[in-house]
Structure formats: structure tokens, C-alpha cells
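If you want the building blocks of each chain, they are given just below.
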Amino acid sequence: MPFVAGGLSLQLTADERKELKCLPVAIQIIAKKTLQGSTTDLARLVDLISVPRSSHLFCLVPIFHATLKSVQVPDYINPKTIPTIIRAKWALMGVLKISTITSSVTHHLVDNVGMYIVRKWDEIYPWMRFFARNCLPPPYDVSVTPPRPDICNMFDAVTLCITPLSLICTISEEGRHLLRSSVSVQHFVAQLWTLVGNLRGDVLQGDPGNTPNSLVSNICASFALTNFVCVSESEDPDKITLPVSNYIHAAGGVKPVVITLLKYIRRITRDATAVEEPQPSLSSTSWPLG
């Protein structure tokens, strides 16, 4: 029997329903309430995702996919559409959290990112663009307040937009093929590259502060590589990387592109100088024999 949420029937297969029974009873109850339309329990379900429960995490993926499938990206933000947006935010957060943890636990031997993100790209990517458009500042001027920071803070919006791309670029060859063949995604990557390069300080609005390393420092260090991997070995043999015009358009001009590049270089240089120099040794400096 299908669960009902918000007047919509959320279909789970017989196998998916059976797999949910391997969860602890308390989590099964939360999952059932989630599929019955409770946004509060959807958020609780996402918060329960952790490494100790990693062996059961895959059971929850169909719940998040079913939720995303049941909601449409709205044309307008108003009191009627905000509940839909919040449900989509938590469902996407759940998919990303599970993809990150399970990929780490399996040491990338199984392409969970391909299964959980790439093959649901038509449902995930429109929401990434929605949260970028409404909950992030313009890429070329990060001092501007986002249009709707009330529905998703900047910390969560950055996570929702960048994490799928980073996971795909580092783990999924199937996903990399998708990114390289999509002009829309390549423009989106250029915008994120510009935004990340212009972030100021080490704390984003909404950062819970429960991680030892700054999210800003981490994404600034990694996104330059993510940006390159997304478009390297392009499907177009005449195009090695994104056209410069994409960056110029995203940054709002040639000068902002140059300034953004310099910011990346300064951050990388700053992080590199903070790393302790390795002690030279005979084994590390000598050429290998044979």
C-alpha cells in the first residue's frame, strides 16, 4: 500500500518497503511519518544519518527520492510553496548525506553517487539551481543579500549546490560524462566557481560550527579542482575546459574573472604555507633504483 504525503501517493516498491524493516523500530516509525507527509520527521530522519548506521543507510534513499519526485520546483515563493521547498531541501540534504557517508565507507568501490545522484539528476539538478538562485548571493558580488535567505541559509545552500558536483567529480565516471555533456551544468559550474572564489572570511551564514575545518577554506581549496574535473576531457574534442566567456559572463566581466583567479591563488598559497615542511630524508629524496 503506498504512503501518502501532502495528498500525493509516494510509491515504494515491495523490496524497498521490505528493506526498511531492517531499521530500528524507532527509525521505522519516523520513516513512516515522513512518507505520510511530516516535514518535521523528514528533518529528523536526515539528522539521524550517521556513520555508525551506515550499513542501513541505503534503505532510506528511496524515501528521499520519493519525496523529491513528489514535489515540483515552484515558479514563485509564497506561503503555499514554502512547505514544498522545505521538503525538497531536507530530501536533497538526505541524499547528499547518505551519498557522502556510504561512498566513504565503501572506499568508492561502489558508485553510490551514480545510483543516488546521477540517475536522479533530472529531479536533483533543478533544485540545485533553485537554491542557488534564491538562497545564494550573485556570484560576482557576495556582499549582496540573497533573495530568500529565510528558506535556506547560505551554509546549507552552498552545501546543496556544491556537494553533488564534488561527489560526482571525485567518484562517478558516469556522472562526469553527464557534466561534460551538459552546457547548462557547465554554466552553473562557472557561476559556482566565481561565487566560491569571492567568498569572504571563513564562516558562512548558518554555519553550525560543529566541524573542525572551515567549510569556506575546504571548498576554496577543492573547488578549483572540481571545476576542472567537471569539464576536463570534454565531450567536445576541441574544448579542453570551459570557454572563458562562461567565466566572464558568470563573474560580470573580464576584470572580476582576473580578481577571482588571484583570490584562488592567494588562498591556495596561504594554505600551502601553513603546511609543515616535510623533513628531507635519504629515502624521500633519492631516486628509486632500477
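All values reported here derive from a predicted model rather than from experimental measurement.

Chemist: Help me understand the overall build of the protein chain, please; the structure alone is not making it clear to me.
Modeler: Counting its secondary structure elements, the protein chain contains 15 helices and 2 strands. Buried residues in the protein chain amount to 46% of all 290 residues. Across the protein chain, the fraction of contacts at a sequence separation of at least 24, relative to all contacts at a separation of at least 6, is 70%. Per element, the accessible surface of the protein chain, about 15,400 Å² overall, is 60% carbon and sulfur.

Chemist: Where do I start with the packing of aromatic side chains in this structure?
Modeler: To describe a pair of aromatic rings, you give the distance between the ring centres and the angle between the ring planes. Under the counting rule described, the total for this entry stands at 5 aromatic pairs. A centroid spacing of 5.7 Å and a plane angle of 80° characterise the contact between Y125 and F188, whose relative ring orientation is edge-to-face. On the criterion of sequence distance, the pair formed by Y125 in helix 8 (residues 121-135) and F188 in helix 11 (residues 183-198) is long-range, its members being 63 residues apart. By the burial criterion, Y125 is buried, and F188 matches it. Here the aromatic residues W121, Y125 and F188 are joined through ring pairs into a cluster of three or more.

Chemist: Can you help me understand the packing of helix 8 against helix 9 (residues 154-171) in this one?
Modeler: To describe two helices that pack against each other, one gives the angle between their axes and the distance between the axes. Viewed as axis vectors pointing N to C, helix 8 and helix 9 meet at an angle of 140°, and their least axial separation amounts to 9 Å. Compared by their axis directions, helix 8 and helix 9 come out oblique. Note on packing geometry: the crossing formed by helix 8 with helix 9 is left-handed. Residue-level inspection shows W121, M128, F131, A132 and C135 of helix 8 in contact with helix 9, the latter providing M154, A157, L160, C161, P164, L165 and I168.

Chemist: Can you walk me through the side chain of D156 in this structure?
Modeler: Tracing the backbone through its elements, the reader meets D156 in helix 9. There is no salt bridge for the buried D156, and the closest opposite charge comes from K89, which lies 4.4 Å off by N-O distance. Setting aside its immediate chain neighbours within four residues, D156 contacts K89 and M93.

Chemist: How should I be thinking about the nonpolar core in this particular structure?
Modeler: For soluble globular proteins, the rule of thumb is that nonpolar side chains tend to be buried together. In terms of nonpolar packing, the biggest core is built from 66 residues, with F64, I117, W121, W127, F131, L136 and L165 touching the most fellow members. Leaving out residues up to four positions away in the same chain, F131 has contacts with I85, K89, L136, C152, A157, L160 and C161.

Chemist: I keep staring at the confidence of the model for the protein chain and nothing clicks. Help me out?
Modeler: Predicted coordinates in regions of low pLDDT should not be interpreted in detail. When pLDDT is averaged across the protein chain, the result is 78; 71% of the residues are at 70 or more. For the protein chain, strand 1 (residues 3-5) is the element with the lowest average pLDDT, namely 38, and helix 8 is the one with the highest, namely 95. Taken as a whole, residues 1-7 scores under 50 in pLDDT and shows 22 contacts with residues more than four places along the chain or in a different chain.

Chemist: Would you mind going over a nonpolar patch on the surface with me for this structure?
Modeler: Taken together, the side chains of V254, V258, L262 and I265 define a hydrophobic patch exposed on the protein surface, amounting to about 350 Å² of accessible area. Assignment of secondary structure puts I265 in helix 14 (residues 254-273).

Chemist: Help me out: how do you make sense of the packing of helix 6 (residues 82-105) against helix 9 in this one?
Modeler: At a minimum axis separation of 10 Å, helix 6 and helix 9 run at an interaxial angle of 35°. For the element pair helix 6 and helix 9, the recorded crossing hand is left-handed. Counting all contacts with helix 6, which are made through K89, L92, M93, L96, S99, T100 and S103, the residues of helix 9 involved are D156, T159, L160, T163, P164, L167 and I171. Here the residues of the contact of helix 6 with helix 9 are counted per class, giving 7 nonpolar, 5 polar and 2 charged.

Chemist: Quick question: what am I supposed to make of the state of the cysteines here?
Modeler: In protein chemistry, a disulfide is the covalent bond that joins the sulfur atoms of two cysteines. Enumeration over the complete set of coordinates arrives at 0 disulfides. For C22, which is in no disulfide, the shortest distance to another cysteine sulfur is to C59 and amounts to 3.1 Å. In this structure C22 comes out as partly exposed when scored by relative accessible area, which is 36%. The thiol of C135 is not disulfide-bonded; the next cysteine sulfur, from C152, is found 4.6 Å away. C135 gets classed as buried once you look at its relative accessible area, which sits at 1%.

Chemist: Hey, could you run me through helix 3 (residues 39-48) in this one?
Modeler: An α-helical turn contains 3.6 residues, so any two residues separated by three or four positions project in the same direction. Within helix 3, burial applies to D41, L42, A43, L45 and V46. Next to the buried residues of helix 3 lie helix 2 (25-35), helix 5 (61-70) and helix 6.

Chemist: Explanation requested: the environment of E16 in the structure shown.
Modeler: Tracing the backbone shows E16 in helix 1 (residues 14-20). Residues E16 and C59 lie 43 residues apart in sequence; the distance between their C-alpha atoms is 7.0 Å. Within the structure, the side chain of E16 is placed 2.9 Å from the backbone nitrogen of T13, a separation counted as a polar contact.

Here is what the cut-offs are and how they apply
- Per chain, residues are indexed from 1 in the order of the written sequence.
- Per-residue local features are limited, in this predicted model, to residues with pLDDT of at least 70; the limit for side-chain atom pairs, both in listing and counting, is 80 or more; totals at the level of whole chains, interfaces and linings are taken over all residues.
- Values reported for side chains reflect all heavy atoms of the structure, with hydrogen atoms and water molecules removed beforehand.
- For helices the rule is a DSSP run of H or I covering at least 4 residues; for strands it is a run of E covering at least 2, with both sets numbered from the N terminus onward.
- Burial classes: relative accessible area under 20% of the type maximum marks a residue as buried, over 50% as exposed, and values in between as partly exposed (1.4 Å probe, protein chains only).
- Contact criterion: two residues are considered in contact whenever any of their non-hydrogen atoms come within 4.5 Å of each other.
- Here the open area of atoms and residues is found with the Shrake-Rupley method and a 1.4 Å probe, where only the protein chains shown may cover a residue.
- By convention, a stacked pair of Phe, Tyr or Trp rings (six-membered ring in the case of Trp) has centres within 6.5 Å and planes under 30 degrees apart, an edge-to-face pair has planes over 60 apart, and any other such pair is tilted.
- With axes taken as lines fitted to C-alpha atoms, and helix axes fitted only over the stretch in contact, angles between N-to-C directions fall between 0 and 180 degrees.
- Angles below 35 degrees are treated as roughly parallel, those above 145 as roughly antiparallel, those between 65 and 115 as roughly perpendicular, and all remaining angles as oblique.
- Each crossing is labelled by how the near helix is turned from the far one, with a counterclockwise turn of less than a right angle marking it left-handed and a clockwise turn marking it right-handed.
- Counting rule applied: Lys, Arg positive; Asp, Glu negative; His and chain ends not counted.
- Put simply, a salt bridge is a Lys or Arg side-chain nitrogen that is within 4 Å of an Asp or Glu carboxyl oxygen.
- Residues grouped as a nonpolar core are buried Ala, Val, Leu, Ile, Met, Phe, Trp, Tyr and Cys residues, joined through side-chain atoms within 4.5 Å.
- For every residue, the pLDDT score states the predictor's confidence, bounded by 0 at the bottom and 100 at the top.
- Patch membership requires more than 30% relative accessible area and the absence of a salt bridge. Residues of like charge join within 9 Å; the nonpolar side chains Val, Leu, Ile, Met, Phe, Trp and Tyr join within 5 Å.
- All residues other than Ala, Val, Leu, Ile, Met, Phe, Trp, Tyr, Cys, Pro, Asp, Glu, Lys and Arg, Gly among them, are scored as polar; the first ten of these are nonpolar and the last four charged.
- Disulfide assignment relies on a single distance test, namely cysteine sulfur atoms paired within 2.5 Å.
- N or O atoms within 3.5 Å of each other form a polar contact, as long as, within protein, one can give a hydrogen and the other can take it, and as long as residues adjacent in sequence are counted only when both atoms are side-chain atoms.

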